[in-house]
Amino acid sequence: HETRFLSMRCSKLLEQAMKVWKGGELKFIYIQKILNAPQNQQDPSVLLTCTLEVLNILLTYQPKEFIVKHIDEIKTILSKCYHLPNLSIRKGLCGVVSKIVKALP
């Protein structure tokens, strides 16, 4: 519960920062380091849900060139999510894929 609250708060802060920092770009290496770190927990759902939230926020405020430039990193993140039945992950996955399809018809 506390983790979810912190995640929501951080997501709101990131969204506010992206509104102010137009054209700002988050480095995917940071996300990759988190995703590739050894997991202390068996269920990666929280980490993947947060990662998808961050990606959804970024894709909302970035131009389509951002997607083209980082498509390999985005595919890596998405590939870690496809097989998981978690509803939060599915919702985040649908949001990301929807934004990609709209940006790159």
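How each quantity is defined
- Note that residues are indexed from 1 along each chain, following the sequence as it is written.
- Per-residue local features are limited, in this predicted model, to residues with pLDDT of at least 70; the limit for side-chain atom pairs, both in listing and counting, is 80 or more; totals at the level of whole chains, interfaces and linings are taken over all residues.
- Side-chain metrics rest on all non-hydrogen atoms present in the structure, leaving aside hydrogens and water.
- The predictor rates its confidence in each residue with pLDDT, a number between 0 and 100.
- The helix count covers DSSP runs of H or I at least four residues long, the strand count covers runs of E at least two residues long, and both are numbered beginning at the N terminus.
- Buried Ala, Val, Leu, Ile, Met, Phe, Trp, Tyr and Cys residues form a nonpolar core when they are joined through side-chain atoms within 4.5 Å.
- Only protein chains enter the accessibility calculation, which uses a 1.4 Å probe; a residue is then buried when its area is under 20% of its type maximum, exposed when over 50%, and partly exposed in between.
- By the convention used here, residues are in contact when the closest approach between their heavy atoms is within 4.5 Å.
- Throughout, an axis means a line fitted to C-alpha atoms (over the contacting stretch in the case of helices), and angles, computed between N-to-C directions, take values from 0 to 180 degrees.
- Crossing handedness is read from the near helix: turned anticlockwise from the far helix by less than a right angle, it gives a left-handed crossing, and turned clockwise, a right-handed one.
- Salt bridges are defined as contacts in which a side-chain nitrogen from Lys or Arg sits within 4 Å of a carboxyl oxygen from Asp or Glu.
- Each residue after the first adds 1.5 Å to the expected span of a helix.
- Here, the arc refers to the directions that run from the helix axis to the C-beta atoms.
- For this analysis, a polar contact is any N or O atom pair within 3.5 Å, provided that within protein one partner can donate a hydrogen and the other can accept it, and provided that sequence-adjacent residues contribute only side-chain to side-chain pairs.

Regions with low pLDDT should not have their predicted coordinates read in detail. Overall, the predicted model of the protein chain reaches an average pLDDT of 83, with 85% of residues at or above 70. Here helix α2 (residues 28-36) is the element of the protein chain with the lowest mean pLDDT, 73, and helix α6 (residues 87-103) is the one with the highest, 94.

This paragraph deals with the nonpolar core. Among soluble globular proteins, nonpolar side chains are generally buried collectively. Membership of the largest hydrophobic core comes to 23 residues, with the highest contact counts inside it found for Leu52, Leu59 and Ile74. Those elements that provide at least two residues to this core are α1 (2-20), α2, α3 (45-61), α4 (64-69), α5 (71-79) and α6. Among the elements that take part in this core, α3 stands out by supplying seven residues, more than any other. With residues up to four places along the chain from it excluded, the contact list for leucine 59 reads Phe66, Ile67, Ile74, Val96, Lys99 and Ile100.

On to the environment of tyrosine 61, then. Locating tyrosine 61 in the fold gives a position in helix α3. Residues tyrosine 61 and glycine 24 lie 37 residues apart in sequence; the distance between their C-alpha atoms is 8.9 Å. Residues in contact with tyrosine 61, not counting those within four places in the same chain, are Glu15, Met18 and Lys19.

With respect to the helices, strands and loops of the structure, glutamine 62 is situated in the loop between α3 and α4. Residue classification places glutamine 62 among the buried positions, given a relative accessible area of 10%. Excluding anything up to four places from it in sequence, glutamine 62 contacts Met18, Gly24 and Glu25.

Turning next to the side chain of serine 11. One can find serine 11 in helix α1. The residues touching serine 11, leaving out its near neighbours within four places in the chain, are Glu53 and Ile57.

Once that is clear, we can look at the packing of α3 against α5. Close contact between α3 and α5 brings their axes to 11 Å; oriented N to C, the two are set at 145 degrees. In this structure, the crossing between α3 and α5 has a hand that is left-handed. On α5, the residues that touch Thr51, Leu52, Leu55 and Leu59 of α3 are Ile74, Ile77 and Leu78.

Enumeration according to the criterion identifies one salt bridge in this entry. A salt bridge links lysine 75 to aspartate 72; the shortest N-O distance between them is 3.7 Å. Of this pair, lysine 75 and aspartate 72 both sit in helix α5, separated by three residues, roughly a single helical turn.

With that out of the way, let us pick up α6. If you check α6, its first and last C-alpha atoms are 24 Å apart, about what 17 residues at 1.5 Å a residue would give, namely 24 Å. Buried within α6 are the following residues: Ile89, Gly92, Leu93, Gly95, Val96 and Ile100. Angularly, the buried residues of α6 cover 160 degrees about the axis, an arc narrow enough to put them on a single face. Exposed side chains of α6 directed beyond 90 degrees from the buried face belong to Leu87, Lys91, Cys94, Val101 and Lys102. Structurally, α6 contributes buried residues whose contacts are with α3, α4 and α5. For α6, the capping residue at the N-terminal end is asparagine 86, with a side-chain oxygen 2.8 Å from the backbone nitrogen of serine 88.

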